[in-house]
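Chain and residue survey
Okay, here's what each chain looks like letter by letter:
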6 protein chains.
Amino acid sequence: MTGLRPSGRRTDELREVNITRGFTSAPHGSVLMEMGATRVLCTVSIGDGVPRFMKGQGRGWLTAEYSMLPGATRERGQRDATRGRQQGRSVEIQRLIGRSLRAGLNFKALGERTLHVDCDVLQADGGTRTASITGAWIAVHEALDGIGLAEKVLAHQIAAVSVGIYRGTPVLDLDYKEDHVAEADLNLVMTAEGRVIEVQGTAEGEPFEMSALESLLRLGKAGIEELVERQRQHA
Amino acid sequence: MTGLRPSGRRTDELREVNITRGFTSAPHGSVLMEMGATRVLCTVSIGDGVPRFMKGQGRGWLTAEYSMLPGATRERGQRDATRGRQQGRSVEIQRLIGRSLRAGLNFKALGERTLHVDCDVLQADGGTRTASITGAWIAVHEALDGIGLAEKVLAHQIAAVSVGIYRGTPVLDLDYKEDHVAEADLNLVMTAEGRVIEVQGTAEGEPFEMSALESLLRLGKAGIEELVERQRQHA
Amino acid sequence: MTGLRPSGRRTDELREVNITRGFTSAPHGSVLMEMGATRVLCTVSIGDGVPRFMKGQGRGWLTAEYSMLPGATRERGQRDATRGRQQGRSVEIQRLIGRSLRAGLNFKALGERTLHVDCDVLQADGGTRTASITGAWIAVHEALDGIGLAEKVLAHQIAAVSVGIYRGTPVLDLDYKEDHVAEADLNLVMTAEGRVIEVQGTAEGEPFEMSALESLLRLGKAGIEELVERQRQHA
Amino acid sequence: MTGLRPSGRRTDELREVNITRGFTSAPHGSVLMEMGATRVLCTVSIGDGVPRFMKGQGRGWLTAEYSMLPGATRERGQRDATRGRQQGRSVEIQRLIGRSLRAGLNFKALGERTLHVDCDVLQADGGTRTASITGAWIAVHEALDGIGLAEKVLAHQIAAVSVGIYRGTPVLDLDYKEDHVAEADLNLVMTAEGRVIEVQGTAEGEPFEMSALESLLRLGKAGIEELVERQRQHA
Amino acid sequence: MTGLRPSGRRTDELREVNITRGFTSAPHGSVLMEMGATRVLCTVSIGDGVPRFMKGQGRGWLTAEYSMLPGATRERGQRDATRGRQQGRSVEIQRLIGRSLRAGLNFKALGERTLHVDCDVLQADGGTRTASITGAWIAVHEALDGIGLAEKVLAHQIAAVSVGIYRGTPVLDLDYKEDHVAEADLNLVMTAEGRVIEVQGTAEGEPFEMSALESLLRLGKAGIEELVERQRQHA
Amino acid sequence: MTGLRPSGRRTDELREVNITRGFTSAPHGSVLMEMGATRVLCTVSIGDGVPRFMKGQGRGWLTAEYSMLPGATRERGQRDATRGRQQGRSVEIQRLIGRSLRAGLNFKALGERTLHVDCDVLQADGGTRTASITGAWIAVHEALDGIGLAEKVLAHQIAAVSVGIYRGTPVLDLDYKEDHVAEADLNLVMTAEGRVIEVQGTAEGEPFEMSALESLLRLGKAGIEELVERQRQHA
């Protein structure tokens, strides 16, 4: 199997993970999440109040926004503000980040506050949405810790990883070189206990067998176990 | 198990499916897809040329747009044009529809043409995105048939269905009453041969076990087999 | 005169009129209005409250929105949400629909409620704005009936029709083939009693004589009398 | 009848008309059109080429834009650029101005050039859309004169006026005090020969009789005759 | 030095200044400011209340908007409303106008009112931003005078002028012919007492020496003294 | 003088300057510029071609965009893409950055290429616009170096700094605590040789004397000399 992946990694090997807590000090939580060359700045700001449709229920909320800096890729991207609206891809990703993080929170214990999560990709080399979720969870932890509510509000520890079929073989944590030619791509969000929060799998080329789906899920589950361990060292 | 579902359906029972081909005559393909009270008008227009980034490769393309009429729900929704941009939810859904349908097409055989798929929800009662995919596939078939290319371009027959966990039990084809209280929700897109094109599962309440995911996949696969049969009667 | 019109109709003959009340069940009123191949889905949702500038006066309001589905025409149209704003033509039409319907309502009797009228053109073959008004009036009737206020609030029964000069001859209810080559085009909105609510006439080619305007008005008046009759059968 | 109108005018009396040709010198045509306190700056710029859909036909085109300066009314209006789009009312008006002026031009004789007409309301006191048309026609004349094409391209001389029913009586050229309480409002665009280009009549209160419509048309026709005379003195 | 400037002016000579107070009567203040061929209509509307972030402090506010009519230049400009947003240049200028005028006001004495300043350029021939400031100050004076607060609220008299280096020589009040080839361009806003409110200098070609900056400042100061005199004659 | 500044700095003392070249590797140039707690990521991407209005002249171009991440400040900012357009402040700043950098380039030597400069503020503590210019210049150097054109294209070395009057005293390089209460604020952009590219000074409170302006310019000039030295160590 050696030599399959451009990076020389084993099929079940994560890229180097670097987590920098408190990368900036202005927001309540701030984490620079690095998986290989992918770098996402995840910040969390706690605001008073909740969106209008939730007022008066005594429950909190979490919203997430995701964006890629124009210089995050070799080929410069257009800035959302210039385009006048977000890219469809960003909209889809930030909805996933928000849903995933909300699944791990006890909003009753948070009270009428809103956690604003911002995931800004400084450099993109594949797996930015899953790196965002894994990193943002630590930033949420940091932010809640700062107001003494981490234990009460965090019902689940959450991490995410991508898996895919590359040259016919299931591989963990695809980088860009693998990702853009992969036959299938699956993003998995799970709790530390191995329960599923979100699964999104797509056939990029030919439709794939149910059995391949099962292999991908197993591989992803193992990767998330490692990431959960890494999060613990920083949260 | 009788009495579990508000509609009285069995857990593995689809809603009544009605497919009206040629509902309108202006576009190249036009299907009114009804699953219970959910009604989606799926139209397909064939245009010459392809988006700029694909020019000169001799390959075709398919784009999809999804929208809900303001009056499609009891509580009237705001029109996208009034808001000045699409809802995030619509963006996410139309990206899913596009990806799913593209996975079944041989673009080389289509040549430099673009299939414009429009899924407009006239009435929403749950499962609009999967009804859109199942209906749009028939409209694509109709449109390609009209230019004598159905056989060459359609590499796979595609259908989609939603499954979910409702009151602790996996059920097929959720309607709105079930959907908005379901513990988990999974949309499955497959080929007639039972291969996976897309799977999107979300824990709406508590994270769920891998074993539950497997049950949902099985249930969805069976539902898609039925839908594929219904499509055949109209395509 | 036989043989003048592409459809073979007499100059004073309406197209086939089909009115389907309760076409969808989610909104308070829902009518599928068909005039020949032109099909408009007219829905009405009743909301509490009125726009800010009218608050506290104890009077109701009606707003209308008009849109054409992209697949409504042979040449696919661009979706408003993609363009980021409504077409000028749609803006002009929905203002006409709103003004026309408001002229027939007793807002004092409605109280501080707003009728949201949506006219979505499923297929366009000329005369979509007048079909929208005629159909929407029935949907308004249905919606008001549902809250027991039809009699009190509906001060006038309203219908609309287009007339035009086609190959030198005034004709009633133009279809697209006639409309896009007509020398003059006039939209007329009237009450069941034959009083004028709105008249909009345009010289598409050469300016026309006052006497031609008078002929068009007479022809339109007769057409509206028929439409009023058809509305009665369904309202 | 004396004393009916707030301004003391006779029912068939225009406001004071002031036409300043060459009000600015940058554009090809520039007219400050004043009807009473209503002031519209009408400018015309001639550009090479035509919109894409008209290319290669050897014919010219005219487009019009209409806007009200925020300070044009006592109660300051919101600027379109701040709102991010034009008001519906402005869209409707500029479409009317464009249609009306185009009806008087021989585009074949213009060649592939575009006349850009801008009507910016410096002060609004009723009748801004008809003042725009009457003034813009002179600016178009001035612009075409400058390139030696006035005679060939101008097929018709065009003017516009508003008429309405004020306190039960048809009156000519309503000012704001009359306009906002008028029972009916009609804008009429005609050629110097008394042929109709556009008629737009609206019941602001109760629907009105056909006979009232006829009175309004007669009154408007007489007003336009006077305006045509005034245009001749400046064109 | 004679013959240096296209207009034949001396290097320290302003263009002809014309100030028309009360150019329109709808807004509280209205001034047509002309400097040579540059014409700006400056209007001021007084509104109750202040922006949300200032409420309850008993202090007033001033906001400014700046726009150029499409026909203000020989080459017609695109309308902001068509573009869907303001040009960057307009944004920058209106922020300068607002800051400059606010520096001269005692907002405590104004109470919770907002002065809405609109500067609309009817014709542009260089120096539109400085003409806007000088003219708007008079319109602000007129508006405050109308509510008896001019003396209390106006803490400073303010005027602005542009200076630049044209063919190696510092010149006052550049017109377009000079401006678009100038090596340096400096806009200066000062009080009647010669104190600085804003200075914005830019090297258009080569960077310039500090000593050149000092010459420009001196020249601008002298020009402002003249303008202040002209303002006094009209305020 | 000790004890005047919250940070304990001398009036003529810069904050700690940290320059990290190659902070990311995707774009052609990438610099993390830190001045105290202010952190700006400056990236440069080189693209083929120039904007349409410059084509065929054989000259290059530079454009700049500036944005603040939502989490860059304690109070979270709204994302431009959510607002649908850039803040006025960002527009003004990016125009300044672009003008300043362009003044130092020989576009003839660059040929028809465009340098896209992106300045994204990761954390804001005052002086973000001047830090952007100083950092972006290094990133431009890095990018040009990579294509072997640094020497030919870079005509001037450029740096920028802010100065202001804080509690009556001119101070260098204001941080946020000083900036938001400063009486005057001046941004200065200069070449390594001490020539002026841009000067923007604003009275935040009371208008200031010409002599104060001169003090600020001297202080800023000295600060830029130090920054130029720091740039040399990294370029």
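What counts, and at which threshold
- Residues numbered from 1 in each chain as written.
- Chains lettered and ligands numbered in written order.
- Predicted model: local features only at pLDDT ≥ 70, side-chain atom pairs only at ≥ 80, totals over all residues.
- Heavy atoms only, no water.
- Pairing = 2+ DSSP bridges.
- Helix = DSSP H or I, 4+ residues; strand = E, 2+ residues; numbered from the N terminus.
- Axes fitted to C-alpha atoms, helices over the stretch in contact; angles between N-to-C directions.
- Contact = heavy atoms within 4.5 Å.
- 1 Å grid on protein atoms, 1.4 Å probe; cavity = no way out; pocket = protein on both sides within 12 Å on 5 of 7 lines; lining within 4 Å.
- Points joined across faces, edges and corners; volume = space filled by probe spheres on them.
- Buried < 20%, exposed > 50% of the residue type's maximum accessible area, 1.4 Å probe, protein only.
- Buried area = accessible area lost by both parts, 1.4 Å probe.
- Salt bridge = Lys/Arg side-chain N within 4 Å of Asp/Glu carboxyl O.
- Polar contact = N/O pair within 3.5 Å; in protein donor to acceptor, adjacent residues only side chain to side chain.
- Nonpolar A, V, L, I, M, F, W, Y, C, P; charged D, E, K, R; others polar.
- Expected span 1.5 Å × (residues − 1).
- Least-squares fit on C-alpha atoms with pLDDT ≥ 70 in both.
- pLDDT = per-residue confidence, 0-100.

Attention now goes to the sheet that holds strand 6 (residues 158–166) of chain B. One open sheet accounts for 8 strands, arranged 7(A)-6(A)-8(A)-9(A)-9(B)-8(B)-6(B)-7(B); its pairing is antiparallel. Each end of this open sheet is capped by a strand with a single partner; those strands are strand 7 (169–172) of chain A together with strand 7 (169–172) of chain B. Geometrically, the sheet is characterised by an average inter-axis angle of 15° between neighbouring strands, direction not taken into account. Strand contacts of helix 4 (residues 128–146) of chain A: strand 6 (158–166), strand 8 (184–191) and strand 9 (196–203) of chain A, with the helix running at about 160° to strand 6 of chain A, the strand carrying the most contacts. Packed on one face of the sheet, helix 7 (residues 210–234) of chain A meets strand 6, strand 7, strand 8 and strand 9 of chain A together with strand 8 (184–191) and strand 9 (196–203) of chain B and runs near 140° to strand 6 of chain A.

Turning our attention to the environment of Thr202 of chain A. Within the element layout of this structure, Thr202 of chain A appears in strand 9. The spatial distance from the C-alpha of Thr202 of chain A to the C-alpha of Leu186 of chain A is 6.3 Å, given a sequence separation of 16 residues. Apart from residues lying up to four places away in sequence, Thr202 of chain A is in contact with Glu183, Ala184, Asp185 and Phe208 of chain A together with Arg99, Ile197 and Glu198 of chain B.

Turning to empty space enclosed by the protein, a few remarks are in order. One pass over the full model with this rule turns up 6 cavities of 30 Å³ or more. Estimates place the volume of the largest cavity at around 180 Å³. Forming the walls of the largest cavity are 17 residues, and the residues nearest its centre are Ser67, Arg79 and Asp80 of chain D together with Ser67 and Arg79 of chain E. Elements represented by at least two residues in the lining of the largest cavity include exactly strand 4 (61–68) and helix 1 (80–83) of chain D together with strand 4 (61–68) and helix 1 (80–83) of chain E.

Residue and element names in this part refer to chain F. Strand 8 (residues 184–191) sits mainly inside the fold: 8 of its 8 residues count as buried. Covered by surrounding structure in strand 8 are Ala184, Leu186, Leu188 and Met190 together with Asp185, Asn187, Val189 and Thr191, the residues of both alternating faces. Bridging between strand 6 (residues 158–166) and strand 8 involves 8 bridges; their strand directions are antiparallel. In the strand pairing of strand 8, Ser162 is matched with Asn187. Across 7 bridges, strand 8 lies against strand 9 (residues 196–203) in antiparallel orientation.

With that out of the way, let us pick up the sheet that holds strand 2 (residues 29–35) of chain A. Residues and elements named next belong to chain A. The strand order across the open sheet formed by 5 strands is 1-2-3-5-4, and the pairing between neighbours is mixed. In this open sheet, the two strands that pair with only one neighbour each are strand 1 (17–21) and strand 4 (61–68). Within this sheet the neighbouring strands show an average axis-to-axis angle of 15°, counted without direction. In this structure, strand 1 lies alongside strand 2, joined through 5 bridges in antiparallel fashion. In the strand pairing of strand 2, Val17 is matched with Met35. Seen against the sheet, helix 2 (residues 88–102) touches strand 4 and strand 5 (113–123) and runs at an angle of roughly 145° to strand 4.

Further remarks concern the interface of chain B and chain C. Each side of the interface is counted separately: chain B has 32 residues, and chain C has 32 residues. The contact between chain B and chain C buries some 2800 Å² in all, and 48% of this surface belongs to carbon and sulfur atoms. The largest share of the area that chain B buries against chain C comes from Arg74, Arg76 and Arg79 of chain B, three residues that together contribute 22% of it. The tally of links from chain B across to chain C stands at 10 salt bridges. A salt bridge links Asp118 of chain C to Arg79 of chain B, with the nearest nitrogen and oxygen atoms 2.7 Å apart. At the surface where chain B touches chain C, the tally comes to 22 residue pairs in polar contact (both at pLDDT 80 or more). Of all the elements in the fold, those that place two or more residues in the side of chain B that touches chain C are strand 3 (38–48), strand 4 (61–68), helix 1 (80–83) and strand 5 (113–123) of chain B. Here the side of chain B that touches chain C gets 6 residues from one element, more than from any other, and that element is strand 5 of chain B. Looking at the side of chain B that touches chain C, its residues break down into 10 nonpolar, 13 polar and 9 charged.

Residue and element names in this part refer to chain C. Helix length check: helix 2 (residues 88–102) (15 residues) gives 21 Å between terminal C-alpha atoms against 21 Å at 1.5 Å per residue, within 8%. Counting buried positions over the 15 residues of helix 2 gives 11, a clear majority of the element. Considered for burial, the residues of helix 2 that qualify are Ser90, Val91, Glu92, Ile93, Gln94, Leu96, Ile97, Gly98, Arg99, Ser100 and Leu101.

So, about the arrangement of the chains. With respect to C-alpha atoms, chain A approaches chain D no nearer than 11 Å, and the pair has no contact. Chain B makes no contact with chain E; the smallest distance between any of their C-alpha atoms is 11 Å.

This part covers the relation of the copies chain B and chain C. For the pair chain B and chain C, the relating rotation is 180°, the translation along its axis is 0.0 Å, and the fit reaches an RMSD of 0.0 Å. Within this description, the copies of the chain are treated as partners about a two-fold rotation axis. Same-surface contact between copies: 100% of interface residues of chain B are shared with the interface of chain C.

Another point: unusual backbone geometry. Despite not being glycine, Arg167 of chain A shows a phi value in the positive range, around 50°. By the element assignment, Arg167 of chain A lies in the loop between strand 6 and strand 7. The phi dihedral of Asp173 of chain E is positive, around 60°, even though this residue is not glycine. Judged by relative accessible area, which is 2%, Asp173 of chain E ranks as buried.

Attention now moves to the confidence of the model for chain A. All names here are of chain A. Across chain A, pLDDT averages 94, with 98% of residues at or above 70. Here helix 1 (residues 80–83) stands out as the element of chain A with the lowest mean pLDDT, 73, in contrast to helix 4, whose mean of 98 is the highest. Model confidence for the complex is summarised by a pTM of 0.90, with the ipTM given as 0.92.

This part covers the pattern of salt bridges. Counted according to the given criterion, the structure contains 123 salt bridges over all chains. Salt-bridge contacts for Asp12 of chain E lead to Arg10 of chain E; the nearest nitrogen and oxygen are separated by 3.1 Å. For Asp12 of chain E, a relative accessible area of 36% gives the class partly exposed. Several salt bridges share partner residues, and in doing so they unite Arg5, Arg9, Arg15, Asp125, Asp173, Asp175 and Glu178 of chain A into one network.

Looking now at the side chain of Glu198 of chain E. Along the polypeptide, Glu198 of chain E turns up in strand 9 (residues 196–203). Classification of Glu198 of chain E by relative accessible area gives buried; the value is 1%. For Glu198 of chain E, the side chain forms a polar contact with the side chain of Gln200 of chain E, separated by 3.2 Å. Within the structure, the side chain of Glu198 of chain E is placed 3.2 Å from the side chain of Thr202 of chain F, a separation counted as a polar contact. Setting aside its immediate chain neighbours within four residues, Glu198 of chain E contacts Leu96, Arg99, Ser100, Asn187, Leu188 and Val189 of chain E together with Gly201 and Thr202 of chain F.

This brings us to the pairing of strand 5 (residues 113–123) of chain D. All names here are of chain D. For strand 5, a buried count of 9 out of 11 residues is recorded, marking the element as mostly surrounded by other parts of the structure. When strand 3 (residues 38–48) meets strand 5, the two strands line up antiparallel, connected through 10 bridges. Pairing of Thr43 across the sheet is with Asp118, part of strand 5. When strand 4 meets strand 5, the two strands line up parallel, connected through 8 bridges. Bridge assignment links Tyr66 to a residue of strand 5, and that residue is Cys119.

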